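In case you want the letters, here they are:
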Amino acid sequence: MVAGKAYKLEQSPLYRCPSVHKLASLLPASLKALEEMANKTETLYRDIEKKKKDGSPRYVADPNPALKAVQARLKNLLSRIEMPDFVYSPRKGRSYVDNAKLHVGQKHFRLLDIEDFFPSCTQKRVYWFFQTILQCPPNVAALLAKLACRNGALPQGSPCSPILAYWAYCDAWNEIGCLAKKQGYEFSLYADDLTFSGLIVHEKDIWKIKKALVSRGLRIKASKERSIINKGAPITGCVILGDGVRLPNRQYEKMAKLRYQLSRNEGNTTKARRSLKGCEHQARQVLS
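The structure contained in this document is the topic of the report that follows. The structure presented is a predicted model; accordingly, all values stated were derived computationally and were not measured.

Some remarks on the pattern of salt bridges
Part 1: One pass over the structure, following the stated rule, counts 16 salt bridges.
Part 2: We note a salt bridge from Asp 47 to Arg 150, for which the minimum N-O separation is 2.9 Å. Pair noted here: Asp 47 is in strand β1 (residues 45-51) and Arg 150 is in the loop between α7 (138-148) and α8 (161-167), with a separation of 103 residues, a long-range link.
Part 3: The partner of Glu 280 in a salt bridge is Arg 259, and the shortest N-O contact between them spans 3.1 Å. Taken as a pair, Glu 280 in helix α12 (residues 269-287) and Arg 259 in helix α11 (residues 249-264) lie far apart in primary sequence, 21 residues in all.

Here's what the structure looks like:
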C-alpha cells in the first residue's frame, strides 16, 4: 500500500482490526484514553452557533482537541478507501463544480436532498459499517461508533462525520448507483445531495430510490426536491444550462453589490474585499 493513495477496503488498517489494543495503536491515544472518551462523548463537545445562508441558526458540535485528533485520524483512514465513481463529496480531488459538470448536456434533472442528514446518521448504522463492512469484532466496532457519535448520531462538526455519513449508508448508495447505471442515468452524490440526469428520469425509479433510503431510516426533504426539464438546473452551487456551466444569478448580484460597496468605500471594506475575492475565485472555478 502506498501512503496517500486510495486502496481497496480489504487493505485498510481498520479492516478486521482484531482487538481494541490494535485499534489504539492506529489512533493517536492510549486504549485507556479512548475508552474514557467513548464513555463520556456527550461532554466532550462545545456547541457553536453559526448562521445559515437564510440567516437562521445552525449549531455545530466542536469536539475537544483529544477527541478531535482521534476523529481526524479516523477520517484519514476512511478517506483512503476506494469509493464508487459516483461519489463527489466527501472525496479528495473533486469539487462541487466537478459534481455539476457531470450532468452537462442532459435534458432531465432530478434533484434530491436528504433531510437532517447528520442527525439521521445513527450510531447503530455507524456500528453496522464497522462490524459488517469492515468486519471488526463487536467490541472494536462499538468503541469506534462511540468515538464517532454523540447522542446516538453523527455530530455536525466532527472531522470524521462527513466520511462516515457516506460509509454508514454505503449499501444504500451502491443500490442507488446500480439502479442509475442500469437505467442509463448520470448519478452523483455530493454529501446529502443526490442528482440524477438523463433524457428522461422516470418517476418509478425515483420511487425506488426513495424506498432504498427510507428503508434505512433516511428521508428526502420535500421542499428541496426538484424535477427540471429542458431549462437551467441548479446543481451544488452551479447552474447547468444547455452544454455549459453557469454561475447562479445571485452570485453575479452579490459581486455587483460588493464592487459597489468598495467603490463607495462603505461599511467593512476589508471584509467586502475578502468576500469579493472569494466570489471571483468561485466564478473562475465554475466558468473555466
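Overview of the sheet that holds strand β9 (residues 238-241)
Part 1: Spatially, three strands are ordered β8-β9-β10 in an open sheet, and the strand pairing comes out antiparallel. At either end of the open sheet lies a strand with only one pairing partner, and these are β8 (233-235) and β10 (244-246). Each neighbouring strand pair of the sheet contributes to a mean axis angle of 35°, computed without reference to strand direction.
Part 2: The pairing of β8 with β9 spans three bridges and is classified as antiparallel. Note on β9: the bridge partner recorded for Pro 234 is Val 239.

Some details on the sheet that holds strand β6 (residues 193-198)
Part 1: On the basis of which strands lie adjacent, the open sheet formed by five strands has the order β3-β5-β6-β4-β7 and mixed pairing. Where the open sheet ends on each side, the last strands, each with one partner, are β3 (87-89) and β7 (226-229). Averaged over all adjacent pairs, the angle separating strand axes in this sheet is 20°, with direction ignored.
Part 2: Packed onto the sheet, helix α9 (residues 170-183) meets β5 (186-190) and β6 and runs at close to 155° relative to β5.
Part 3: Set on the sheet, helix α10 (residues 203-214) makes contact with β4 (108-113) and β6; between it and β4 the angle comes to about 20°.

So, helix α3 (residues 65-79)
Part 1: If you check α3, its first and last C-alpha atoms are 20 Å apart, about what 15 residues at 1.5 Å a residue would give, namely 21 Å.
Part 2: For α3, the full list of buried residues reads Leu 67, Val 70, Gln 71, Leu 74, Leu 77 and Leu 78. Down the axis of α3, the buried set is contained in an arc of 120°. They therefore lie on one face.

Brief notes about the environment of Ala 61
Part 1: Structurally, Ala 61 can be placed in strand β2 (residues 57-63).
Part 2: Taking the C-alpha atoms as reference points, Ala 61 and Cys 160, 99 residues apart in sequence, are found 12 Å from one another.
Part 3: For Ala 61, the contacting residues outside a window of four places in its chain are Tyr 45, Arg 46, Asp 47, Arg 150, Pro 155, Gln 156, Gly 157 and Ser 158.

As for the nonpolar core
Part 1: Core analysis: the largest hydrophobic core is formed by 72 residues, its most contacted members being Leu 78 and Trp 173.
Part 2: Considering each element in turn, this core owes the most residues, seven residues, to α7.
Part 3: Every residue in contact with Trp 173, bar those within four places of it in the chain, is listed here: Phe 86, Ile 114, Phe 117, Ala 165, Tyr 166, Phe 187, Leu 189, Leu 194, Leu 213 and Leu 218.
Part 4: Listed in part, the 19 residues of the second largest apolar core include Val 97, Ile 228, Ile 235 and Ala 283.

With respect to the packing of helix α6 (residues 123-133) against α7
Part 1: Running from N to C, α6 and α7 point in directions that differ by 140°, and their axes come no closer than 8 Å. Overall, the two elements α6 and α7 adopt an arrangement that is oblique. Of the two possible hands of crossing, α6 and α7 adopt the one that is right-handed. Contact with α6, carried on its side by Gln 123, Val 126, Tyr 127, Phe 130 and Gln 131, involves Pro 138, Ala 141, Ala 142, Leu 144, Ala 145, Lys 146 and Ala 148 of α7 and no other residues of that element.
Part 2: Residue composition of the contact of α6 with α7, grouped by class: nine nonpolar, two polar and one charged.

As for α10
Part 1: With 12 residues, α10 extends 16 Å from end C-alpha to end C-alpha; this agrees with the ideal 16 Å at 1.5 Å per step.
Part 2: Among all positions in α10, only Asp 205, Ile 206, Ile 209, Ala 212 and Leu 213 are buried. Down the axis of α10, the sector holding all buried residues measures 115°, keeping them to one side. Away from the buried face of α10 by more than 90 degrees, exposed residues Trp 207, Lys 211 and Val 214 are located.

Calculation rules
- Residues numbered from 1 in each chain as written.
- Predicted model: local features only at pLDDT ≥ 70, side-chain atom pairs only at ≥ 80, totals over all residues.
- Heavy atoms only, no water.
- Salt bridge = Lys/Arg side-chain N within 4 Å of Asp/Glu carboxyl O.
- Helix = DSSP H or I, 4+ residues; strand = E, 2+ residues; numbered from the N terminus.
- Pairing = 2+ DSSP bridges.
- Axes fitted to C-alpha atoms, helices over the stretch in contact; angles between N-to-C directions.
- Contact = heavy atoms within 4.5 Å.
- Expected span 1.5 Å × (residues − 1).
- Buried < 20%, exposed > 50% of the residue type's maximum accessible area, 1.4 Å probe, protein only.
- Arc of directions from axis to C-beta.
- Core = buried A, V, L, I, M, F, W, Y, C linked by side-chain atoms within 4.5 Å.
- Parallel < 35°, antiparallel > 145°, perpendicular 65-115°, else oblique.
- Left-handed = near helix turned anticlockwise from the far one by under 90°.
- Nonpolar A, V, L, I, M, F, W, Y, C, P; charged D, E, K, R; others polar.

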